[in-house]
Amino acid sequence: MQPKILLRIAAFAILLFELGHTLGGMIFAESRGPEEDALMASLAAFRFDVMGSMRSHHDFYVGEGWYLSAALAAMLVICWQLSRSTLESPVLVGRLSLVMAVFFASSAALSAAFFFVAPLVTSVVASAACGAAWWRLRSA
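This write-up is about the structure you can find in this document.

Scoring rules and cut-offs
Residues numbered from 1 in each chain as written. Predicted model: local features only at pLDDT ≥ 70, side-chain atom pairs only at ≥ 80, totals over all residues. Heavy atoms only, no water. Salt bridge = Lys/Arg side-chain N within 4 Å of Asp/Glu carboxyl O. Buried < 20%, exposed > 50% of the residue type's maximum accessible area, 1.4 Å probe, protein only. Helix = DSSP H or I, 4+ residues; strand = E, 2+ residues; numbered from the N terminus. Pairing = 2+ DSSP bridges. Axes fitted to C-alpha atoms, helices over the stretch in contact; angles between N-to-C directions. Left-handed = near helix turned anticlockwise from the far one by under 90°. Contact = heavy atoms within 4.5 Å. Nonpolar A, V, L, I, M, F, W, Y, C, P; charged D, E, K, R; others polar.

Where charged atoms from two side chains of opposite charge approach closely, those side chains can pair. The final tally for this structure, using the stated rule, is 2 salt bridges. Of the charged contacts, one joins E36 and R32 as a salt bridge, the two residues approaching to 2.7 Å between their closest N and O atoms. Take R32: its relative accessible area is 69%, and that puts it in the exposed class. With a closest N to O distance of 3.3 Å, R47 and D59 form a salt bridge. With R47 in strand 1 (residues 47–50) and D59 in helix 3 (residues 57–84), this pair connects stretches of sequence that are 12 residues apart.

Below, the structure is given as structure tokens:
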């Protein structure tokens with residue numbers, strides 16, 4: 001399969017990850033009941049100084065969620081742009097595809113250890129597609 005197509009497959013997998021995380025985890029997330037509500041209130045109530053700013057564990061939890069959404073959006077755009085540059089800059093695209101493959105392999109491992117199947121599957125697909133693109137471009 002052509003590296004361009006492989007990188008677009010990766011971009012599509014990242015898009016699914018992005019939509020699932022942002023819509024399901026950040027925008028339309030629903031409470032799982034009073035126990036979770038109490039836990040989140042507790043995380044928000046305990047505030048502490050971090051480098052001159054008062055923050056809570058809830059701030060970090062929400063902030064990291066949005067940070068991941070932003071990072072996935074950037075990775076999606078990077079993959080799509082790489083797919084458009086396979087003929088003009090095959091060596092650079094190959095190197096960056098390898099970086100993306102390693103990143104999403106790490107994401108898959110973290111998803112397996114700490115999260116659930118949806119981010120695991122999308123990360124595996126993105127990693128495999130980026131790795132295959134790198135493999136195809138390695139001798140360019």
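Two elements, strand 1 and strand 2 (residues 53–56), share 4 bridges in a ladder whose sense is antiparallel. Bridge pairing in strand 2 places D49 opposite M54. Where strand 1 folds back on strand 2, the antiparallel hairpin that results is connected by 2 residues, among which M51 adopts a positive phi of roughly 50°.

A few words now on the packing of helix 3 against helix 4 (residues 90–114). The contact between helix 3 and helix 4 brings their axes to 11 Å, and the two run at 150°. Both helix 3 and helix 4 take part in a crossing whose hand is left-handed. Between helix 3, through L72, M75, I78, C79 and L82, and helix 4, the contact on the second element is made entirely by V93, L96, S97, M100, F103 and F104. Looking at side-chain class alone, the contact of helix 3 with helix 4 contains 10 nonpolar, 1 polar and no charged residues.

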